[in-house]
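Each chain, written out:
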Amino acid sequence: TWTTGNVIEEQVEAIREQVGTKRAICGLSGGVDSAVAAALVQKAIGSQLTCVYVDHGLMRKGETEQVEKDFVAATGVQLKVVDAEERFLTALKGVSDPEEKRKIIGREFIRVFEQAQAEIVAEAGESGEAVEFLVQGTLYPDVVESGGGTGTANIKSHHNVGGLPEDLEFQLIEPLRKLFKDEVRMVGQELGLPEEIVQRQPFPGPGLGIRIVGGVTKERLDLLREADAIAREELTAAGLDREIWQCPVVLLADVRSVGVQGDGRTYGHPIVLRPVSSEDAMTADWSRLPYDVLARISTRITNEVRDVNRVVLDVTSKPPGTIEWE
Ligand code: XMP
């Protein structure tokens with residue numbers, strides 16, 4: 001029978017056998033999946049693991065600080081933070097095709113991990129064992145929707161599955177590959193991770209890069225970060241965090257519409273709110289949020305975010321719409 005205890009025990013044993021005396025790195029994204037994967041691998045191999053947090057500049061407001069503080073405090077892992085904003089934004093320059101964005105982001109993640117790998121070995125000195133393993137928090141739905149399942153079409157390349165470069169040097173450790181999100185949360189709880197980490201809403205590895213319809217620039221990211229922070233603040237204040245699965249906030253950077261503010265005409269971008277309820281992200285329904293909450297979010301975003309003059313609500317279920325817009 002399936003119990004979290006069994007899963008943990010089985011995985012810990014398998015990981016110990018696979019890694020031996022070598023070293024592993026784990027890409028942390030701030031999300032539940034990578035946090036639970038890291039905690040599981042840490043339980044198995046302790047200080048042979050180094051976590052790497054890549055700040056790709058596509059993060060939401062406050063995310064980097066949260067990983068640096070909360071996750072380290074909860075687990076005591078060795079953490080390396082890499083500032084890679086310029087690298088990612090340069091690689092993404094002028095790219096607006098969603099799959100191309102995903103592949104670029106997946107590839108740049110790996111390049112950063114390879115650099116981190118070299119640094120970790122150098123820091124360990126001559127006696128240091130090589131870093132041969134990369135831990136990823138890949139879940140079952142990620143595999144299926146990236147076309148890795150049997151007979152499924154490739155819907156989108158999750159950054160850590162279909163987005164991996166072909167010349168990957170690492171062997172992968174993916175202890176959550178057979179699990180759904182609710183099971184991952186249970187495993188995380190059993191491993192003693194705090195509520196704030198285990199109950200976090202999902203956020204995709206490619207971050208805000210796949211929530212800008214159009215090219216990704218620092219300026220657009222800053223706009224979206226502001227809008228997203230407002231939406232999250234109001235949803236939390238309304239006590240809706242546990243009710244909705246997640247609420248992507250999307251910037252339609254290639255669209256403009258006419259508006260009026262003060263006594264002047266504006267010609268700005270729309271922001272899309274995409275609140276969904278779901279059990280496992282394979283299917284989803286749009287959340288029936290209270291109108292007064294929607295009104296507050298809309299008023300604040302149009303007042304506080306420069307260049308945004310319209311807020312629209314996505315009322316599409318999955319299928320036919322996916323949760324993210326790209
Ligand atoms: P879609 O948009 O496919 O999203 O309905 C399903 C769930 O997966 C998340 N998502 C990702 N997570 N890397 C991730 O770690 C990715 O590349 C990725 N793409 C989508 C999405 O936020 C939703 O929870």
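An unreviewed UniProt entry lists the chain under the name GMP synthase [glutamine-hydrolyzing], with Streptomyces chiangmaiensis given as the organism. Among the UniProt annotations of the chain, the heading Catalytic activity (unreviewed entry) holds the following wording: "XMP + L-glutamine + ATP + H2O = GMP + L-glutamate + AMP + diphosphate + 2 H(+)". Taken from UniProt, the Function (unreviewed entry) comment for the chain reads in full: "Catalyzes the synthesis of GMP from XMP."

Caption draft 1: View of the site of the ligand. Within the structure, the ligand sits among 14 residues, and P202, P204, T322, I323 and E324 are positioned closest to it. Residues of the shell around the ligand, tallied by class, amount to five nonpolar, five polar and four charged.

Caption draft 2: Focus on the domain arrangement of the chain. Domain assignment breaks the chain into domain 1 (4–198) and domain 2 (211–313). One C-alpha centre belongs to domain 1, the other to domain 2; they are set 28 Å apart. Residue-level contacts link 13 residues of domain 1 with 11 residues of domain 2. Broken down by secondary-structure element, the contributors of at least two residues to the side of domain 1 that touches domain 2 are α4 (85–92) and α7 (181–190). Here the side of domain 1 that touches domain 2 is composed, by residue class, of six nonpolar, three polar and four charged.

Caption draft 3: Representation of the UniProt feature "binding site: ATP" (unreviewed entry) in the chain within the structure. Taking the UniProt record as the reference, the feature "binding site: ATP" (unreviewed entry) is found at S29, G30, G31, V32, D33, S34 and A35. Locating G31 in the fold gives a position in the loop between β1 (23–28) and α2 (32–45). Beyond its immediate sequence surroundings of up to four residues, G31 is in contact with R200, P202 and F203. Here A35 lies in helix α2. Dropping the residues within four chain positions of it, A35 is found in contact with L28, F71, G188, L193 and I197.

Caption draft 4: Inspection of the environment of L40 at higher detail. Tracing the sequence through the fold places L40 in helix α2. Among the residues examined, L40 registers 25 C-beta atoms within 10 Å and is labelled buried. When the C-alpha atoms of L40 and E9 are compared, they prove to be 9.5 Å apart, with 31 residues separating the residues in sequence. Those residues within four positions of L40 in sequence are excluded, and the remaining contacts are I8, Q11, P175, V187 and L191.

Caption draft 5: Quick peek at helix α1 (residues 4–19). With 16 residues, α1 should cover 22 Å at 1.5 Å per step; its first-to-last C-alpha distance of 22 Å lies within 8% of that length. Among the residues making up α1, those that are buried are V7, Q11, I15 and V19. Along α1, the residues classed as buried sweep out an arc of 65° about the axis, all on the same side. Away from its buried face by more than 90 degrees, α1 exposes G5, N6, E9, E10, E13 and E17. Those residues of α1 that are buried lie in contact with β1, α2, β4 (131–135), β5 (171–173) and α7. Phi turns positive one or two residues past the end of α1, at G20, with a value near 60°.

What counts and how
Residues numbered from 1 in each chain as written. Predicted model: local features only at pLDDT ≥ 70, side-chain atom pairs only at ≥ 80, totals over all residues. UniProt positions renumbered as here; feature names shortened; annotations may be inferred. Near = placed C-beta within 6 Å. Nonpolar A, V, L, I, M, F, W, Y, C, P; charged D, E, K, R; others polar. Domains from an automatic or database assignment. Contact = placed C-beta atoms within 7 Å. Helix = DSSP H or I, 4+ residues; strand = E, 2+ residues; numbered from the N terminus. Buried ≥ 20, exposed ≤ 12 C-beta atoms within 10 Å, placed from the backbone. Expected span 1.5 Å × (residues − 1). Arc of directions from axis to C-beta.

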